[in-house]
Amino acid sequence: MATKKTLEIISPTPEQTEKIGTLLGEMLTGGEVIALAGELGSGKTTLVKGIAQGMGFKEQEVVSPSFTLINEYDGPLPLFHIDFYRLEGEKDPFEIGFEEYISAEGVVVIEWADRVPQAVPKDSLWITLRYLEAERREIVMRAQADRYEKIIEELKKKLYNRNSSQKT
Amino acid sequence: MVWYDNIFEEFECNRDKRMIILAIETSCDDTGAALIEKGKKILSNLVSSQDEVHRKYGGVVPELASRRHLENILPVIRGSLEEAHKSLDEIDAVGVTKGPGLVGSLLVGISAAKAISYTKGIPLVGVNHLMGHLLAVFLEEDVPFPFIGMVASGGHTALYLVEGFTAFRFLGGTRDDAAGEAFDKVAKYLGLGYPGGRVIEDLARHGNPCAISFPRAYIAKDSLEFSFSGVKTAVVNYVRSHSPGYDGIADIAASFQEAVVDVLVNKVIWAAQRHGVSRVVVSGGVASNSRLRERLEQQGKGLGIKAYFPSPHLCKDNAAMIGVAAYHLFKEGKKDGLDMGALSRWPLGR
């Protein structure tokens, strides 16, 4: 499959990473699958905290699901925060009941999705976080379906407007 | 259903004669079953990861919290009855973890508990996993109320004011990673293997805890919330910029452990001071850490605060602690119907 629309952002601080997440979270309407990749400390949970805030949850509510595997947050639009960190093979995601969340009416966010990429639905939004230096991260978003292309377009506009309004 | 309720009431009249509870715990990776007498005495306490369970009862090795509980649940329950030399007819109530945890895993334990409750006509009691951790200490000693309870494990890190067997007040929890999770992730990042808590503790003995000053996240003065994501990232940053050798790794392990232990010790002491209590109980997998035990005992002594720790096998996830909680809930008349469901999130005391 040809790579569709992408967006690259440099985030200078964890706070900025969280804000980018919030802008993204505000645009979600349900049924989206967001797959996160990036090594330890690259800001995955920070980004998810932002997404959750954008969806109307409180920041403190969202904690790492590495050990619990799935955290469910109930709201007007439910958030299913899933973590593949402790998962090994292709069948593991199904052993934790992963597919039931994919078909649910809510937003699914998967941390460490690159550990079991085969389990991630083909039409999803992939976000890769990369360590640059101490607090600086590169965030690359790749739309794997039309609906995510629209989200990326809109996010670009929002980020641009924010930056230009900050300057003035 | 009427028939069932009648049995229920009849039973309650002579409930305190022996009161043996079959407790089941399937909230995380291990399948556990235990028989507890009068909320205190362990008649048996089995977890699926034990070698003997596989050998004697034909259980399977757990890979991770999963539907594997289904293969383990009956062998583990059967094993717990055999070890206690009891039959299902001698059980007075069934206690089971209702949450928080992975719903698919919890349901395996809950379904087994319901089946036993229904066929034997005995009460069903749903238990909060965290309440089990907070009460695990009573399997070994009586701690007078009130006390500050801290649960520190791979999945949880939280502080409670415990005023009675069923009276808990939430004081603060983690904002990101749990303490045990930080140990595990740092161990994996340093290439030290599993389980993270144990390998870091062992390596830390060869390192200097003051070698590197990793950040202590106190959040705000007197805050009883935790954050362990920052110290994890600080370790990653340090390794990237220093490429340490073996001695360096030992120093990192020791300094990292010290940073986590510092925060845990200080916060549990702050909690005790703020609420004017002189006893603290620490449970959960991280409570096995000997540096934490040593530091808290030491620091507490000077302030007149006594620290209690359950034995390591009762600190980690187990069914015996669920049996203690179920006993006290039941004594207060709390029981559940056969329509009880699993809760993925279930805040305790707030």
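Residues numbered from 1 in each chain as written. Chains lettered and ligands numbered in written order. Predicted model: local features only at pLDDT ≥ 70, side-chain atom pairs only at ≥ 80, totals over all residues. Heavy atoms only, no water.

## Quick notes on the sheet that holds strand β3 (residues 41-47) of chain B
All names here are of chain B. The five strands are arranged β3-β2-β1-β4-β5 in an open sheet whose pairing can be described as mixed. Of all the strands in the sheet, just β3 and β5 (124-128) have a single pairing partner and so form its edges. For this sheet, the mean inter-axis angle between neighbouring strands, taken without regard to orientation, is 20 degrees. Strand direction decides the pairing type here: strand β4 (residues 93-99) and β5, joined by five bridges, are parallel. The residue of β5 that forms the bridge with V94 is L124. Taken strand by strand, helix α3 (residues 69-84) contacts β1 (20-25), β2 (32-37) and β3, and its axis lies near 150 degrees from that of β3. Packing of helix α4 (residues 103-120) onto the sheet brings it into contact with β1, β4 and β5, and relative to β4 it is tilted by some 160 degrees. (Pairing = 2+ DSSP bridges. Helix = DSSP H or I, 4+ residues; strand = E, 2+ residues; numbered from the N terminus. Axes fitted to C-alpha atoms, helices over the stretch in contact; angles between N-to-C directions. Contact = heavy atoms within 4.5 Å.)

## Some words on the side chain of S64 of chain A
Looking at where S64 of chain A falls in the secondary structure, it is placed in the loop between α2 (44-54) and β3 (70-73). Within the structure, S64 of chain A has its side chain in polar contact with the backbone nitrogen of S66 of chain A (distance 3.3 Å). The residues touching S64 of chain A, leaving out its near neighbours within four places in the chain, are T45, N71 and D83 of chain A together with D176, D177, E181 and K185 of chain B. (Polar contact = N/O pair within 3.5 Å; in protein donor to acceptor, adjacent residues only side chain to side chain.)

## Some remarks on the interface of chain B and chain A
The extent of an interface is frequently quoted as the accessible surface area lost upon association of the parts. The interface of chain B with chain A comprises 29 residues on the first partner and 32 residues on the second. Carbon and sulfur atoms supply 50% of the area that chain B and chain A bury against each other, a total of about 2,700 Å² over both sides. Close ionic contact of R86 of chain A with D29 of chain B constitutes a salt bridge, the shortest N to O distance being 2.8 Å. Where chain B meets chain A, there are ten residue pairs in polar contact (both at pLDDT 80 or more). For the side of chain B that touches chain A, the secondary structure elements donating two or more residues are α6 (179-189) and α8 (229-242) of chain B. Split into classes, the residues belonging to the side of chain B that touches chain A amount to seven nonpolar, seven polar and 15 charged. (Buried area = accessible area lost by both parts, 1.4 Å probe. Salt bridge = Lys/Arg side-chain N within 4 Å of Asp/Glu carboxyl O. Nonpolar A, V, L, I, M, F, W, Y, C, P; charged D, E, K, R; others polar.)

## Focus on the domain arrangement of chain B
Residue and element names in this part refer to chain B. Segmenting chain B into domains produces domain 1 (2-135 + 316-331) and domain 2 (142-309). On the side of domain 2, 14 residues touch domain 1, which itself brings eleven residues to the contact. A combined buried area of about 1,100 Å² lies between domain 1 and domain 2, and 74% of that area is made up of carbon and sulfur atoms. Together, L130, H133 and L134 form the three largest contributors to the area buried by domain 1 at its contact with domain 2, with a combined 51%. Taken together, the links from domain 1 to domain 2 amount to one salt bridge. (Domains from an automatic or database assignment.)

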